[in-house]
Amino acid sequence: MNACKRMAVYAMADGYIVSNGNDNECTGEVGNCGCIHAEARLLKLVPHPHTVYVTHSPCIDCAKKLVAAGVKRVVFCEEYRLRDGINYLLAHDVSVSQQFFDEPPTRFEGSD
């Protein structure tokens, strides 16, 4: 079993739902796991989404990618271990909110 908490991250925008998957790239090292985060995979499919829904709040690197892509709103379920991604989004006028759900959704409320 992989120790990386981010291995269960999902992201959604414009009808696409992606996961960072379990591609065995994870080293399990906190803060330097080597995983491709779901946000980065999502931006390859949807380069400029308005709203992104994620199971965990973005890390700082993903937050920078989301801002660069022009994202205006991020909705997350669980807070990542560091708040720097949230703070970066807020500092760049991205709306950030928390929404709880029990299992990874097939769609997010308000995502139509």
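Residues numbered from 1 in each chain as written. Predicted model: local features only at pLDDT ≥ 70, side-chain atom pairs only at ≥ 80, totals over all residues. Heavy atoms only, no water.

> I'd like a rundown of the nonpolar core, residues and numbers included.
Formed by 15 residues in total, the largest nonpolar core has its most connected members in Val52, Leu66, Val71, Val74 and Leu89. Elements with a minimum of two residues in this core: helix H1 (38–45), strand E3 (51–56), helix H2 (60–68), strand E4 (73–78) and helix H3 (84–91). Excluding residues that lie within four positions of it along the chain, Val71 makes contacts with Pro49, His50, Val52, Leu66 and Val94. (Core = buried A, V, L, I, M, F, W, Y, C linked by side-chain atoms within 4.5 Å. Buried < 20%, exposed > 50% of the residue type's maximum accessible area, 1.4 Å probe, protein only. Helix = DSSP H or I, 4+ residues; strand = E, 2+ residues; numbered from the N terminus. Contact = heavy atoms within 4.5 Å.)

> Explain the packing of H1 against H2 to me, using residue names and the numbers behind them.
Running from N to C, H1 and H2 point in directions that differ by 20°, and their axes come no closer than 9 Å. Our classification of the angle between H1 and H2 gives roughly parallel. H1 and H2 meet at a crossing whose hand is left-handed. Contact residues: Glu39, Ala40 and Leu43 in H1; Cys62, Lys65 and Leu66 in H2. For the contact of H1 with H2, the per-class residue count stands at four nonpolar, no polar and two charged. (Axes fitted to C-alpha atoms, helices over the stretch in contact; angles between N-to-C directions. Parallel < 35°, antiparallel > 145°, perpendicular 65-115°, else oblique. Left-handed = near helix turned anticlockwise from the far one by under 90°. Nonpolar A, V, L, I, M, F, W, Y, C, P; charged D, E, K, R; others polar.)

> Mind laying out the pairing of E3, listing which residues take part and the relevant values?
When you tally the buried positions in E3, you get six out of six residues, the bulk of the element. Here E3 pairs with E4 via five bridges, running parallel. Paired with Thr51 across the bridge in E4 is Arg73. In terms of handedness, the path from E3 via H2 over to E4 forms a crossover that is right-handed. (Pairing = 2+ DSSP bridges. Right-handed = clockwise from strand over helix to strand, strands pointing away.)

Note that all results are geometric; they support no functional claim without further evidence.
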